[in-house]
Amino acid sequence: MSACTALLNRSVSGGCCRVLCGVTRPLVHVRSAIVAEPGTRRSDEDNLWEATGNLPFSRARIGSFFQDRPVLKNPFLEDALLRGYLRRHLPQEAAFSDLCAFGERVANEVDEWGRECEVTPPRLVHFDPWGRRVDHIVTSPAWKNMKDLSAQEGLVAIGYERPCGEWSRVYQMSKLYLFSPSSGLYTCPLAMTDGAAKVIQSIGVLWPVEEAFSRLTTRQPERFWTSGQWMTERQGGSDVGSGTETVAVPQTDGSYKLHGFKWFTSATDADMTLTLARVQDRTGATTPGSRGLSLFYAEVSRGEDGRLRGIEVQRLKDKLGTRQMPTAELLLDGLPAHRLSEEGRGVASIANMLTITRIHNSVSAAGAMRRVVQLARDYATRRTAFGKLLKDHPLHMQTLARMEVETRGAFLLVMDVCRLLGREESGMATQLDTHLLRLLTPVVKLYTGKQAVAVVSEGLESFGGQGYIEDTGLPGLLRDSQVLSIWEGTTNVLSLDVLRCVARSSGMVLHAYFTHVKSLLAGASSVPSVAPAVKAVDGALSQLEEFVQVAATSAPSYLELAARDLAYSLARIYTGALLIDHACWKGASPSDSYAALRWCEQDLCPVATSQARGCYDPKTPPLDAALVYDQPIQAEN
């Protein structure tokens, strides 16, 4: 029997955990060495208190009680839903053993590295001691350990090796799901690395990127590269079409030199990058808009003088969270580069990258939620308040249960999108799968990003005041979660992307959506334990169909106002169907059914609810604007 098999068969409450808290020691009263001031005598009462040791807060004594901290146990063994999902869809012993062993490594080794990355953030050294410009970004040893581990564990490679066929992406993302909360945000460069590899693969693994692709997808730490993603400039984030000023100057050898200013470059210590720029013609003119953008590949290297070739690091960003990762403003001053896309096809060429990075973002969101729930439920077995443990307070358990339901829903939604990606990459996707992947990618990213902020915030509250104390490591979970609803498209930007997806497919993505949800519900029609949930999802789906029919005959502004609520509705209904479906397989537990029922108690179709209230009427936008910019009434003289 392998070591990991033994761990899987062992009671979770037993071993397989890293003990973070010290052993409780018996109270020892130490006699104080108090010397009387000259000319004074200590009273008999003072001597009596000292001798009996009944002054627990005197001098160096600070009391006898110390709260046990939450213990991070093997996150794979602690996650019943993850293990159940994989037993259902990926019942391979090799994958189980690998995830179990990796979970041990996360708990016993990686989590400490993540904390080191947090307390030792990157710093920028502009000049060497003799005044030469060097622009060195200095990161912690733990950050470098994360890079080696990522290669060794195949955190990018698995997606391209495809050891589990169409389920390889689920396997890869399950591993990242375990890794993310302890990774010190190293999942961000991994997301961009995976995205860059995907783009190169889709364009063609040829010179000049053949070596780069090999390095991005290797398991050899000494060869492994990470990639940056340098898109954002001063004028725009998601609006790259009008916001990109960087120009590409053609060279006689067919390469280019890039000149521009990149306002926000994540994981700036990467070995290479993909970036957008406008090709200059012989007169120096460029084509405006997205039609003028092309995609370029550039390596980050240094010359013999130690200076970066064609790059100056202006400053590191001072961010709310993700402080572990270097994010910088860069001046590109003749950066050598090669054009990967056809000229003017840059935006289209990064579509695959956006799919990958948005899925990675969603995996990190689900991982953050799971981690705070795991810590909160462990803490509830250690913290006593008002005469009993937190786990024995029904209201506290109700709160944790609500967090658990959100976490389960997020996990199943994320993994279903990973499933669809795996089917597409393995050539097994139906047209329905392809439509679902296109629709659900922005939906899963925007919805889980918002979920993570809410659940992690609630999770911190479950620790009381300690949830607000930095050196517990808990506040960092919330600060890092906040980026998930911003990076790779804000909630509103992605909601509009959903509308574009519907329009460009002539509504076929919605047809695929309705068809698949109905098939999931049909499979559960004979299961009494989830009947109320099936009824709720079926009713919400009918409401959504009615909304779509009304919106189809309305002005574009009507659907734009409804975009956010529509995206939420798509997420909630689909997630409800997934929870129901998972509760109906032969290995499901009673908790799976209960989670489905609890999820379906909420408003599953908020777009229909808001429509009934008149929230999308033409009169609403000016009223919203008047409310936001309300001015006090000037008194008459």
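Residues numbered from 1 in each chain as written. Predicted model: local features only at pLDDT ≥ 70, side-chain atom pairs only at ≥ 80, totals over all residues. Heavy atoms only, no water.

**Q** Is there a simple way to explain the packing of helix 4 (residues 93-119) against helix 7 (residues 168-179) in this structure?
**A** When two helices pack together, you describe them by how their axes are tilted relative to each other and by the distance separating the axes. Orientation of helix 4 relative to helix 7, taken along the N-to-C sense of each, is 20°, at an axis distance of 10 Å. In terms of orientation, helix 4 and helix 7 fall into the roughly parallel class. Judged by the sense of rotation from one axis to the other, the crossing of helix 4 with helix 7 is right-handed. Contacts from Ala95, Asp98, Leu99, Phe102, Val106 and Val110 in helix 4 reach Tyr171, Ser174, Lys175, Leu178 and Phe179 in helix 7. Looking at the contact of helix 4 with helix 7 residue by residue, the classes come out as eight nonpolar, one polar and two charged. (Axes fitted to C-alpha atoms, helices over the stretch in contact; angles between N-to-C directions. Helix = DSSP H or I, 4+ residues; strand = E, 2+ residues; numbered from the N terminus. Parallel < 35°, antiparallel > 145°, perpendicular 65-115°, else oblique. Left-handed = near helix turned anticlockwise from the far one by under 90°. Contact = heavy atoms within 4.5 Å. Nonpolar A, V, L, I, M, F, W, Y, C, P; charged D, E, K, R; others polar.)

**Q** What's the story with helix 8 (residues 187-203) in this structure? I'm lost.
**A** Residues spaced three or four apart along an α-helix point in a common direction, a consequence of the helix completing one turn every 3.6 residues. With 17 residues, helix 8 should reach 24 Å at 1.5 Å per residue; the first-to-last C-alpha distance of 24 Å fits that figure. Of all 17 residues in helix 8, 14 are buried; the element is thus mostly enclosed. Two residues or fewer after helix 8 comes Gly204, characterised by a positive phi angle close to 130°. (Expected span 1.5 Å × (residues − 1). Buried < 20%, exposed > 50% of the residue type's maximum accessible area, 1.4 Å probe, protein only.)

**Q** When you look at the packing of aromatic side chains in this model, what are you seeing that I'm missing?
**A** Throughout the structure, instances matching the rule amount to 14 aromatic pairs. Centre to centre, the rings of Tyr85 and Phe411 are 5.7 Å apart; their planes meet at 85°, and the pair counts as edge-to-face. With a gap of 326 residues between them, Tyr85 in helix 3 (residues 80-89) and Phe411 in helix 13 (residues 394-425) connect regions that are remote in the sequence. Note on Phe411: relative accessible area 1%, which makes it buried. Ring centres of Trp143 and Tyr186 lie 4.7 Å apart, and the angle between their planes is 65°; this geometry places the pair in the edge-to-face category. Here Tyr186 lies in the loop between helix 7 and helix 8 and Trp143 lies in helix 5 (residues 141-152), a separation of 43 residues in the sequence. For Tyr186, a relative accessible area of 3% translates into the label buried. An aromatic cluster is built from Tyr85, Tyr177 and Phe411, whose rings are joined through pairwise contacts. (Phe/Tyr/Trp six-rings, centres within 6.5 Å; stacked < 30°, edge-to-face > 60°.)

**Q** Help me understand the environment of Asp269 in this model?
**A** Within the fold, Asp269 resides in the loop between strand 5 (256-266) and strand 6 (272-279). In sequence terms Asp269 and Asn492 are 223 residues apart; their C-alpha atoms lie 30 Å from each other. Residues within four places of Asp269 in sequence aside, it is in contact with Thr139, Trp143 and Pro326. Within the structure, the side chain of Asp269 is placed 2.8 Å from the side chain of Trp143, a separation counted as a polar contact. (Polar contact = N/O pair within 3.5 Å; in protein donor to acceptor, adjacent residues only side chain to side chain.)

**Q** Teacher, can you tell me more about the confidence of the model for the protein chain here?
**A** When pLDDT drops low, the exact placement of atoms in the prediction is not to be read closely. Averaged over all residues, the pLDDT of the protein chain is 92; the fraction at 70 or higher stands at 90%. Within the model, the stretch residues 11-40 combines pLDDT values under 50 with 44 contacts to residues more than four positions away or in other chains. (pLDDT = per-residue confidence, 0-100.)

**Q** Before we go on, may I ask you to explain the nonpolar core in this structure?
**A** Where a protein is soluble and globular, its nonpolar side chains tend to be buried together. In terms of nonpolar packing, the biggest core is built from 156 residues, with Phe179, Tyr513 and Ile573 touching the most fellow members. Element by element, the count of residues in this core is highest for helix 19 (residues 556-583), at 15 residues. The contacts of Ile573, once residues within four sequence positions are left out, are Tyr513, Val517, Val537, Ala540, Leu541, Leu544, Leu604 and Cys605. Among the nonpolar cores identified, the runner-up in size contains 16 residues, and Tyr256, Leu308, Leu330 and Ala337 belong to it. (Core = buried A, V, L, I, M, F, W, Y, C linked by side-chain atoms within 4.5 Å.)

**Q** Explanation requested: the packing of helix 14 (residues 431-461) against helix 15 (residues 474-482) in the structure shown.
**A** Viewed as axis vectors pointing N to C, helix 14 and helix 15 meet at an angle of 165°, and their least axial separation amounts to 9 Å. As summarised for this structure, helix 14 and helix 15 are arranged roughly antiparallel, according to the angle between their axes. Where helix 14 crosses over helix 15, the two elements pack in a sense that is left-handed. Each of Ala452, Val453, Val456, Ser457 and Leu460 in helix 14 lies in contact with helix 15, whose residues at this interface are Leu474, Pro475, Leu477, Leu478, Ser481 and Gln482. Of the residues in the contact of helix 14 with helix 15, the class split is eight nonpolar, three polar and no charged.

**Q** Any chance you could explain the pairing of strand 4 (residues 247-250) here in plain terms?
**A** Regular strands have side chains that alternate between both faces of the sheet. Where strand 4 lies against strand 5, four bridges are found, and the strand directions are antiparallel. Its bridge partner lying in strand 5, Ala248 is registered against Leu258. Adjacent in sequence and paired antiparallel, strand 4 and strand 5 are bridged by five residues, among which Gly254 carries a positive phi angle near 95°. Bridge count for strand 4 against strand 6 is two bridges, and the pairing is parallel. (Pairing = 2+ DSSP bridges.)

**Q** Would you take a moment to explain the side chain of Glu153 for this structure?
**A** Summarising the element assignment, Glu153 is placed in the loop between helix 5 and helix 6 (158-161). One polar contact links Glu153 to Arg105, side chain to side chain, over a distance of 3.0 Å. Contact partners of Glu153, with chain neighbours within four places excluded, come to Asp98, Phe102, Arg105, Ile158, Lys175 and Arg219.

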